[in-house]
Amino acid sequence: MTAILIREANAEDAATLAVLHGASFQPAWDEASMAGLLGKNATAALATQDGKAVGFALSRIAVDEAELISIAVSPMARNQGLGRALLSALCAHLKECGVHTLFLEVASDNAAAVHLYESFGFSRLGLRKKYYANGADALTYSLTLG
Ligand SMILES: CC(C)(COP(=O)(O)OP(=O)(O)OC[C@H]1O[C@@H](n2cnc3c(N)ncnc32)[C@H](O)[C@@H]1OP(=O)(O)O)[C@@H](O)C(=O)NCCC(=O)NCCS
């Protein structure tokens with residue numbers, strides 16, 4: 001049986017998060033960058049499957065608002081509900097921290113992520129034309145946490 005655990009990440013997880021980030025994004029954020037992000041009003045959820053790190057969701061808090069800075073699941077572990085579980089854990093923690101609204105932006109051609117966010121309940125706010133370096137548009141979303 002597969003044992004999935006989601007826990008809050010801390011500064012000691014910076015290297016693990018950097019590896020997970022590098023498996024999903026180019027350019028990857030290195031350990032020092034990740035440690036810097038984790039130190040600045042951040043909160044992150046880390047998922048492990050049978051003891052192996054397989055995904056994370058990282059957000060930054062500003063009073064009662066937060067931004068989803070990054071979410072990634074290892075390619076081999078996708079489409080098993082881990083992304084949704086990471087978002088759920090992160091939102092529950094943000095709510096405990098007094099956050100009311102979570103914002104994010106995503107490339108409009110990232111079908112899996114767009115599907116995940118919309119089915120999770122995020123509302124589309126707008127479109128930023130050619131926002132990314134490769135010319136892709138960004139969609140912006142928000143979720144009221146209550
Ligand atoms: C986005 C990401 C985190 C989702 O993680 P995940 O563990 O696969 O997510 P889940 O399994 O919880 O849910 C994925 C959903 O997308 C759907 N999906 C997968 N590929 C899809 C595609 N090409 N088009 C539309 N929907 C798709 C799945 O069916 C699932 O929906 P369901 O729960 O309604 O069946 C993962 O794809 C990832 O790490 N991508 C690379 C990094 C990234 O793009 N991050 C987001 C940047 S904003």
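Throughout what follows, the structure given in this document is the object of discussion. Quantities reported herein were computed from a predicted structural model and do not represent experimental measurements. (Residues numbered from 1 in each chain as written. Predicted model: local features only at pLDDT ≥ 70, side-chain atom pairs only at ≥ 80, totals over all residues. Heavy atoms only, no water.)

1. As for unusual backbone geometry
Here comes step 1: Cis peptide bonds are those with omega within 30 degrees of zero, and the linkage from glutamine 26 to proline 27 qualifies with 0 degrees.
Here comes step 2: Located in the positive-phi region is lysine 130, a residue other than glycine, with phi close to 50 degrees.

2. Some thoughts on the site of the ligand
Here comes step 1: By nearness alone, 21 residues border the ligand, and Val73, Asn79, Gly83, Asn110 and His115 come closest of all.
Here comes step 2: Separating a nitrogen atom of the ligand from a backbone N or O atom of isoleucine 71 is a distance of 2.9 Å.
Here comes step 3: Between an oxygen atom of the ligand and a main-chain N or O atom of asparagine 79, the distance comes to 2.8 Å.
Here comes step 4: The set of elements that each furnish at least two residues to the shell around the ligand consists of strand 4 (65–73), helix 3 (82–96), strand 5 (101–107) and helix 4 (111–120).
Here comes step 5: Its residues assigned to classes, the shell around the ligand shows 11 nonpolar, 7 polar and 3 charged. (Near = heavy atom within 4 Å. Polar contact = N/O pair within 3.5 Å; in protein donor to acceptor, adjacent residues only side chain to side chain. Helix = DSSP H or I, 4+ residues; strand = E, 2+ residues; numbered from the N terminus. Nonpolar A, V, L, I, M, F, W, Y, C, P; charged D, E, K, R; others polar.)

3. Observations concerning the environment of leucine 90
Here comes step 1: With respect to the element layout, leucine 90 can be found in helix 3.
Here comes step 2: For leucine 90, a relative accessible area of 1% gives the class buried.
Here comes step 3: Distance in space between the C-alpha atoms of leucine 90 and lysine 129 is 28 Å, their sequence separation being 39 residues. (Buried < 20%, exposed > 50% of the residue type's maximum accessible area, 1.4 Å probe, protein only.)

4. Focus: the packing of aromatic side chains
Here comes step 1: Counted according to the given criterion, the structure contains 4 aromatic pairs.
Here comes step 2: With centroids separated by 5.6 Å and ring planes inclined at 65 degrees, the aromatic side chains of tyrosine 117 and phenylalanine 122 adopt a geometry described as edge-to-face. Both residues of the pair, tyrosine 117 and phenylalanine 122, belong to the buried class.
Here comes step 3: Ring geometry for tyrosine 131 and tyrosine 132: centres 5.1 Å apart, planes at 85 degrees, overall edge-to-face.
Here comes step 4: By relative accessible area, which is 39% here, tyrosine 131 ends up partly exposed.
Here comes step 5: Look at tyrosine 132 and you get partly exposed, because its relative accessible area is 26%.
Here comes step 6: A network of ring pairs unites the aromatic residues Tyr117, Phe120, Phe122 and Tyr141 as a single cluster. (Phe/Tyr/Trp six-rings, centres within 6.5 Å; stacked < 30°, edge-to-face > 60°.)

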